[in-house]
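Chain by chain, the residues:
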Amino acid sequence: NAGAKCSAGCTGSIIKSAGFDPNVPGTYAYTVRCTNPDNCYSEDVGYVTVNPLPIVSVNAQSACVGAAEAILTATTTGTVCSSALTYKWYKGTSTTALSDDAKYSGTATADLHIKNIVPADADSYKVEVTCPATGCSKSVTETLTVNPLPVVSVSPQSACVGAAKATLTATTTGTVCASPALTYKWYKGTSTTALSDGAKYSGTATADLEIKNIVTGDADSYKVEFTCPATGCTNSNSGTLTVNPLP
C-alpha cells in the first residue's frame, strides 16, 4: 500500500527493532509508521542508543580507633566512558554528598579518606559514579568497621635488691578481642627493642613479665604493647619497677 493515494488523518505507530534489550548496551533501530484510514502508510527509521552504566565496586574496610585514616576506594575497572568519571560520596542514609574538610578528603575522587578515626566513623559509605559523556550513574555502598583498642593497665611494683624476681602484670579487663588471643611485647625504659626470654627475663610474650635476680639497674619503667590479632589494633601502657636498697 505504500504507493497508494492517502487521505489526511494518519495514525502513528512504532515498531521496535528485533533484539532490543534496555539492559544491554548498544544502538537499536526503531521503525516509525504512519497509517491513514485508507490503510496507506509511510515509514522512517530512528535509532536509540542504550549506554552502559559505570562498573563500580568498593571493598569493605576496617580501622582501629585512633588510626590516622581509613581509605575507601571505588574501583571502576571495565567502565566504558569517553570522559573522566565523576565521584560523589555519602555517609549512611544522608542525601548530602560529603565535601573535603578536616574529617574527609578525596570526596570527589575514587579514594575517600576518612581521617582521625573515632567510633562514630563506623557506618556505610555510598559512592555515586557518573559518566558525564552519557549522564549514566551507578552507586555502590560498603561499610567501614571501627574496632576498639585493647584496654590495658600495669600496676607499679617494688622489690628489694637481691630479690629472686619481680613480676609486672598487664591487666586487660574489658578488652574485646575474638580468637586468636591477645599478643604481648614488653619494653624497658625508652628502648624500642622488645625484651626476650633469657637469664634476666621470662614471660616477655605474655601478660606477666618476670624480672629475675633484682639489681639496682632493674629500676625503670616497663611498657607492655599488646595487640588483638583479629583486628590488628594495638595499645600500650607502662608500669614502674622500684628497686629498694637493702638496709
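Preceding this paragraph is the structure being described.
Residues numbered from 1 in each chain as written. Predicted model: local features only at pLDDT ≥ 70, side-chain atom pairs only at ≥ 80, totals over all residues. Heavy atoms only, no water.

A. Region of interest: the state of the cysteines. One pass over the full model with this rule turns up three disulfides. Between the sulfur atoms of C81 and its disulfide partner C131 the distance amounts to 2.0 Å. The sign of the 90° torsion about the S-S bond sets the C81-C131 disulfide as right-handed. On the criterion of sequence distance, the pair formed by C81 in the loop between β6 (69-75) and β7 (86-91) and C131 in strand β10 (residues 123-131) is long-range, its members being 50 residues apart. Assessed through its relative accessible area of 24%, C81 is described here as partly exposed. By relative accessible area, which is 2% here, C131 ends up buried. The disulfide that involves C177 links it to C228, with 2.0 Å between the sulfurs. Judged by the torsion about the S-S bond (95°), the C177/C228 disulfide is right-handed. You can see C177 sitting in the loop between β14 (165-171) and β15 (183-188) and its partner C228 sitting in strand β18 (residues 220-228), a full 51 residues away along the chain. Unpaired in this structure, C136 has its nearest cysteine sulfur neighbour in C131, at a distance of 6.9 Å. (Disulfide = S-S within 2.5 Å. Helix = DSSP H or I, 4+ residues; strand = E, 2+ residues; numbered from the N terminus. Buried < 20%, exposed > 50% of the residue type's maximum accessible area, 1.4 Å probe, protein only.)

B. View of the side chain of T79. By the secondary structure assignment, T79 is in the loop between β6 and β7. A distance of 2.8 Å separates the side chain of T79 from the backbone nitrogen of I55, its partner in a polar contact. Reaching out from T79, the side chain makes a polar contact with the backbone oxygen of T76 at a distance of 3.0 Å. Those residues in contact with T79 that sit more than four places away from it in its chain are P54, I55 and L85. (Polar contact = N/O pair within 3.5 Å; in protein donor to acceptor, adjacent residues only side chain to side chain. Contact = heavy atoms within 4.5 Å.)

Taken by themselves, the reported measurements are silent on function.
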